[in-house]
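Commentary on secondary and tertiary structure
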Amino acid sequence: MNEAWINIGTANNAARLDLKKVQGSSGLGLMQLRFQVEASCRDETAAQKPLWFEGRLYAEGLGSTSGYVRSLVVEDSPVTLHSLAATTTFVLVVDVDHRQLQVIEEHRTGGMKFRLQLTGTTMNDGNLERIGVGSIECELTQSDWAAILEQMQYRRLLLIELDAPDANRSDEFKVALDFYRDAEKQYLKQEWRLTVEALRQSLAALVGKTADEEDEAADVDAAFKTLRREASKSKVGYPPRAEQVRRALKFMCDLGAHPETAETTKAHAYSTLLMTGGLLQEWQC
């Protein structure tokens, strides 16, 4: 049901809340879901009383991932119904981050379903008084949810979030991971060339080498030709293919080793950081 009733004191169903519209908006690092609600006064008890609402938003229909999202707040509070049969509109907002939307997108199978669990307070004879508010259920079709994602600009952001791999796979892997963490620090300092240089060291350390031991284009080309010959005779699995990815990434990062090269940009540093991080996830020592 897209509605909930408000009980004030002994007056049941003193006011009604109707969910009219759901929209999205984008912000700095966070996005918002905006639930537009119409409140209507159904009993004199609710007239002229300021109403404060708060609550919690729950995502449903996502299997074991269903559950609490974040707190709901009213954008402009309090809400006041000035007379019997009066109506007013207010907006309940909830901040969501990119990780939460990513989880939703991984588990939803069609549209989207939310539950808004609301509580409230009013002022009665100079005293704050709790009021009873029910839940509002909100079901969105797949096309409606896609439109909201577009409003939040979710599709315009490429987000890759990876768990830190276990450093104890091998001594070589531990060194490689240390270099990768240094690359992350350099990236935060906006040292793009030093970011790529640290990644260069990390990729070499994965196979127990130093960065200067394999920086020739001919070596990369020869390795690819060898693997292509092997692939024409038998099936080549993931580990040898991953090694070719490592070699290619290392060759890409070799450009960062030259202080006179001013061409390393944020985009280069960011893309190599993501690619190397992905390689570290499944590297088999």
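To be clear, the structure that these remarks concern was listed above.
Conventions and cut-offs
Residues numbered from 1 in each chain as written. Predicted model: local features only at pLDDT ≥ 70, side-chain atom pairs only at ≥ 80, totals over all residues. Heavy atoms only, no water. Helix = DSSP H or I, 4+ residues; strand = E, 2+ residues; numbered from the N terminus. Polar contact = N/O pair within 3.5 Å; in protein donor to acceptor, adjacent residues only side chain to side chain. Pairing = 2+ DSSP bridges. Buried < 20%, exposed > 50% of the residue type's maximum accessible area, 1.4 Å probe, protein only. Core = buried A, V, L, I, M, F, W, Y, C linked by side-chain atoms within 4.5 Å.

1. Structural notes on the environment of Asp-212
As for its placement among the helices and strands, Asp-212 is situated in the loop between α4 (192–205) and α5 (217–233). Distance from Asp-212 to Glu-44, taken between C-alpha atoms, is 82 Å for residues 168 residues apart in sequence. Side-chain polar atoms of Asp-212 contact the side chain of Arg-200, separated by 2.7 Å.

2. Some points on the pairing of strand β5 (residues 67–74)
Pairing of strand β4 (residues 50–60) with β5, which is carried by six bridges, proceeds in the antiparallel orientation. Across the sheet, residue Gly-55 finds its bridge partner in β5, namely Leu-72. Counting the residues between successive antiparallel strands, the hairpin from β4 to β5 contains six residues, one of them, Gly-61, with a positive phi of roughly 80°. When β5 meets strand β7 (residues 87–96), the two strands line up antiparallel, connected through two bridges. Bridge pairing links Val-73 to Val-93 in β7.

3. A word on the environment of Ser-271
Summarising the element assignment, Ser-271 is placed in helix α7 (residues 266–281). Its relative accessible area of 26% is what places Ser-271 among the partly exposed residues. With 205 residues separating them along the chain, Ser-271 and Ser-66 place their C-alpha atoms 33 Å apart. Reaching out from Ser-271, the side chain makes a polar contact with the backbone oxygen of His-268 at a distance of 3.1 Å.

4. Focus: the nonpolar core
It is characteristic of soluble globular proteins that their nonpolar side chains tend to be buried jointly. Core analysis: the largest hydrophobic core is formed by 47 residues, its most contacted members being Leu-17, Leu-33, Phe-35, Phe-53, Phe-114 and Trp-145. Ranked by size, the runner-up nonpolar core spans 21 residues in total, among them Ala-167, Trp-192, Ala-198 and Leu-203.

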